[in-house]
Amino acid sequence: SKQTFGFIGLGNMGGPMVKRLLHAGHTVLVFDRDAAALARAVADGAQARSSALDVADAAATIFLSLPDGPAVQHVISAQDGLLQGKRVKCVVDLSTIGPRAAVAASQALGARGIAYVDSPVSGGIGGAERGTLAVMTACPQPLYDELAPVLKNFGRLFYMGAGPGLGQTMKLANNLLSAAAVAITSEAMAMGAKAGLDPGVMLEVINAGSGRNSATMEKFPKAVLTGTFNIGFAARLACKDVRLCLEESEALGVPMVVGAAVREMLVVTNAVYGKDADYTDVARLLETWGGV
Ligand code: NAD
């Protein structure tokens, strides 16, 4: 059945996810503090609202696709935030913010009788456009059952348990692997290219062999060998994910030796290429360091 949803955060992931809801016939009320992002969603058929509060006055279920925990906290608790909304009953957070921020958001909203659904996603812009994301959701089971039909617009659903934070922990484990793959693939490719191997042939061999990973399958062919270094995921956000993962592993007493090195590579990438550096700029860094 056709419904009205709110959607806040219309960036690389939020933009295409809004399109999926629109294509399914739903009405989507949107807000982003970036006027250009808002205008793109309106051009796609969404209806602009002028604040998170305006969205929360008009929609019962609101999706968030925001950069990080502080942004989610702001959208919830600011003066023109979700908490004051007349209609909002449920906030489905598709952002990666870590388990601690998810628990805090759940408590803030819960105090007002608003449910928080911890539901990060994986699969990049392509997955968001095609509706093939991995959607990892933690919330009470009855609410999950209620939301499953709309969440299916985004991709394949996985239930992570009732407590807020478990979706986030799952996502951090996934992104630790994704970031490690980008970092280690950058080292291997720089070595081979400098020795005189053809990078395209290298990827073919690796993808036919045991080194195959998400960087060799997608990120390198699309954004490194083409020299565009633009996979649509900011190095700053990947760095946030690994940092949150290390915080969590430290709190749990699980050492992450490799993860710590991966984090430093992302920190250096941002230091060298600036705050808008792309995830795949890690490969550019290794090419520069290696003199490739
Ligand atoms: P993005 O930076 O492209 O988009 C975030 C949007 O949120 C921007 O349009 C920004 O203007 C808006 N925003 C920020 N603060 C706001 C506020 N206070 N009020 C209103 N709007 C605000 O980021 P993205 O790549 O779309 O990622 C969104 C989330 O999804 C992040 O948590 C990210 O880690 C996660 N994620 C990203 C990818 C990816 O490949 N890009 C994949 C999976 C998960």
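Residues numbered from 1 in each chain as written. Predicted model: local features only at pLDDT ≥ 70, side-chain atom pairs only at ≥ 80, totals over all residues.

Under an unreviewed UniProt entry, the protein chain has the name 3-hydroxyisobutyrate dehydrogenase and belongs to Verminephrobacter eiseniae.

We now examine the site of the ligand. Of all residues adjacent to the ligand, which total 26 residues, the nearest are Gly11, Asn12, Met13, Asp34 and Phe233. The element that contributes the greatest number of residues to the shell around the ligand is helix α4 (residues 69–77), accounting for 3 residues. When the residues that make up the shell around the ligand are grouped by side-chain class, the tally is 12 nonpolar, 11 polar and 3 charged. When residues of the shell around the ligand are assigned to domains, at least three fall in each of domain 1 (4–162) and domain 2 (169–290). (Near = placed C-beta within 6 Å. Helix = DSSP H or I, 4+ residues; strand = E, 2+ residues; numbered from the N terminus. Nonpolar A, V, L, I, M, F, W, Y, C, P; charged D, E, K, R; others polar. Domains from an automatic or database assignment.)

In this section: the domain arrangement of the protein chain. What the domain assignment lists for the protein chain is domain 1 (4–162) and domain 2 (169–290). The centre of domain 1, based on its C-alpha atoms, is set 27 Å off from the matching centre of domain 2. Facing the 12 residues of domain 1 at the interface are 15 residues of domain 2. In terms of residue class, the side of domain 1 that touches domain 2 is made up of 6 nonpolar, 5 polar and 1 charged. (Contact = placed C-beta atoms within 7 Å.)

Attention shifts here to helix α9 (residues 199–208). For α9, the full list of buried residues reads Met202, Leu203 and Ile206. The buried residues of α9 occupy one face: seen down the axis, they fall within an arc of 95 degrees. Exposed and facing more than 90 degrees away from the buried side of α9 are Gly200, Val201 and Ala208. Packing partners of the buried residues in α9 comprise α8 (166–195) and α10 (214–224). (Buried ≥ 20, exposed ≤ 12 C-beta atoms within 10 Å, placed from the backbone. Arc of directions from axis to C-beta.)

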